[in-house]
Amino acid sequence: PVPSARHRRSLGEPRALFAQLSARGPPPAPRWPIHCEVIKEPIEHIEWVPPEPEPFWQPTGHEWPPATLGEEQGTVIYHLSPAPPGSCFTRARIGGAPGPLSSPAAPLEGPQDTTLLFESRFESGNLQKAIKVGPYEYVLRLRPDLYTTKHTQWFYFRVQNTRRDPLYRFTIANLAKPKSLYGEGMRPLLYSQRDAQSRGVGWRRVGADVRYYRGGGEERDAFRLSWTVRFPHDGDTCFFAHSYPYTYSDLQRYLRALAGDPVCSRYCAVRELCRSLAGNTIYLLTITSPAGAAAKRAVVLSARVHPGESGGSWAMRGFLDFLLSAHPDARLLRRLFLFKVVPMLNPDGVVVGNSRCSLAGRDPNRAYGTAPCGSFPAVWHLRAMVERLLAEREVVLYCDFHGHSRKNNVFMYGCDGGGAGARTRLRQRVFPLMLSKNAPDKFSFPSCKFKVHKSKAGTGRVVMWHMGVSNSYTMEVAFGGSTLGGRRSHFTVEDLKSLGYHLCDTLLDFCDPDPAKFQQCLTEVDALLRQRLGREPGSEWSDVSPSELES
């Protein structure tokens, strides 16, 4: 069930990059920094879609910060040792730190002890400290991205020894961002192992009295998220998360299934783009039908450069599910295009539970312009691959999948540097407008931005655009949900996966040999911009700056 050598080369990929993911046996275990402790139990969750929409929490607008006791008045019941200050990544091994595990959780005093048992030493887990400040109240602190002192946003941890009746309150005390969708009704995710096993129920939105507010005292620069919840069962094992987790092992299981599918392997090659700093494989998928590959235009997609933005992986999963299916449109796409897909650019960050950075301690999505291969191998090799592609064919689209913590819905950032003719500047807005028509209950065209800010000069989107990919985008998927089409509810996994299908559908519209749809959208974008600027039909606006267009 693996492609022949002749077929592998026909997909246009250098043989040196080939590294087949075996369809037999388990995928390679993740490699962790040598100082990270990792529990041995495998953590897996079922996929589930709630039968009814999960509405946002409706704040009254009069909420005061809860009267939580200070940490100094509580009892530390879970504490992971942080990386030493000023340290940097040195080496990694499968399973992380050698030797016996420490005991970061305080032991229970007996069956009557209702203290929760916390754990986060598993793939993508993030919780550094838990302090019990009341019988059923806990203050939590997240671990900053490794080898940094900041970027606290992603959380994912386990609790055991639950009680069904009490109302619990959790307060995360060291979040980094002043604004969050939690302030607009977003709720955390809960997973009950007992519900998953007995009822087939997976991740669901929970929490009442959800508040996001500035910390006090010496921590005025930190922000707090607080919520109350009742657990569904006594003695359950539950998990909380910021967004639906999608780990490096989840990706490897998915790719292993592709490698074992004799039909998929005829038009999908799974290879190694490069290795991460920790030695984890960064996978490259080349997807196309074998015939006529040399003449095809290319499409390049990537996700999870920011490890805490797991919604990007679910959208990528939906894209791959559709593109590799037997659907007539999927067959047409494979016949028309050569797809190059890097589904997880920052596996190290995903493994250790970072929000934004790689093990270099920096944001890889600011390093595309200057990235040294030794510090940012995925970014360097992706850029080099696109340079090779551009030397031999047109790259019709680059799209990098991200998550957004402050705005609901799905939207895109494009590239309008000003100075180009009006038609060129209009064309950059056509693909997002088409996508908004294909996904009207999720995608917001008015939320799209096209100005190229100096601070974004090193992003994948901007660097690919400067290299010659005129349709170069970041797709931002809200951590919350949709406010469009009468919805005011959270995104489900199915919503996120559907974005991949809608992207495929839009690509066919965008490249349709019949130009009617494209021309209609060009005309519509022109009218929208004139309306925004107060310009008459037929008047020139190509001299208008991107800032004015977006004001």
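The structure under discussion appears in the preceding block.
Report on the accompanying structure. Remember, predicted model here, so these are calculated numbers, not experimental data.

Conventions we followed
Residues numbered from 1 in each chain as written. Predicted model: local features only at pLDDT ≥ 70, side-chain atom pairs only at ≥ 80, totals over all residues. Heavy atoms only, no water. Pairing = 2+ DSSP bridges. Helix = DSSP H or I, 4+ residues; strand = E, 2+ residues; numbered from the N terminus. Axes fitted to C-alpha atoms, helices over the stretch in contact; angles between N-to-C directions. Contact = heavy atoms within 4.5 Å. Core = buried A, V, L, I, M, F, W, Y, C linked by side-chain atoms within 4.5 Å. Buried < 20%, exposed > 50% of the residue type's maximum accessible area, 1.4 Å probe, protein only. Domains from an automatic or database assignment.

1. Examining the sheet that holds strand β15 (residues 281–287)
Inference 1: Pairing is mixed in the open sheet, where 8 strands are placed in the order β14-β15-β17-β16-β18-β21-β19-β20. On the outer flanks of this sheet lie β14 (268–275) and β20 (449–451), each paired with one strand and no other. Direction aside, neighbouring strands of the sheet carry axes that sit 20° apart on average.
Inference 2: The pairing of strand β18 (residues 395–404) with strand β21 (residues 472–478) spans 7 bridges and is classified as parallel. When the sheet's bridge partners are listed, Gly403 is paired in β21 with Val477.
Inference 3: Across the sheet, helix α4 (residues 311–323) touches β15, β16 (297–303), β17 (337–342), β18 and β21, and the angle it forms with β17 is around 150°.
Inference 4: Contacts from helix α8 (residues 422–438) reach β18, β19 (410–416), β20 and β21 within the one sheet, and its direction differs from that of β19 by about 170°.

2. Quick look at the nonpolar core
Inference 1: In this structure, Phe118, Phe170 and Phe240 are the most contacted members of the largest nonpolar core, which totals 125 residues.
Inference 2: Here this core takes 8 residues from helix α10 (residues 493–510), the largest share from any one element.
Inference 3: Two domains each provide a minimum of three residues to this core, namely domain 1 (71–81 + 106–242) and domain 2 (248–550).
Inference 4: When near neighbours in sequence (up to four residues on either side) are disregarded, Phe170 contacts Leu116, Phe118, Tyr138, Leu140, Leu225, Ser226, Trp227, Val229, Phe231 and Phe240.
Inference 5: Counting residues in each nonpolar core, the second largest holds 25 residues, with Cys274, Leu284, Val342 and Met385 among its members.

3. Some words on the pairing of β16
Taken residue by residue, a regular strand's side chains alternate between the two faces of the sheet.
Inference 1: The element β16 is extensively covered by neighbouring structure, given that 6 of its 7 residues are classed as buried.
Inference 2: Sheet topology note: the β16/β17 ladder contains 6 bridges and is parallel. Its bridge partner being in β17, Ala298 is matched across the sheet by Leu338.
Inference 3: Summarising the sheet, β16 and β18 pair through 6 bridges and their orientation is parallel. Of the residues in β18, the one forming a bridge with Val299 is Leu397.

Scope: geometric values only; no functional claims are made or implied.
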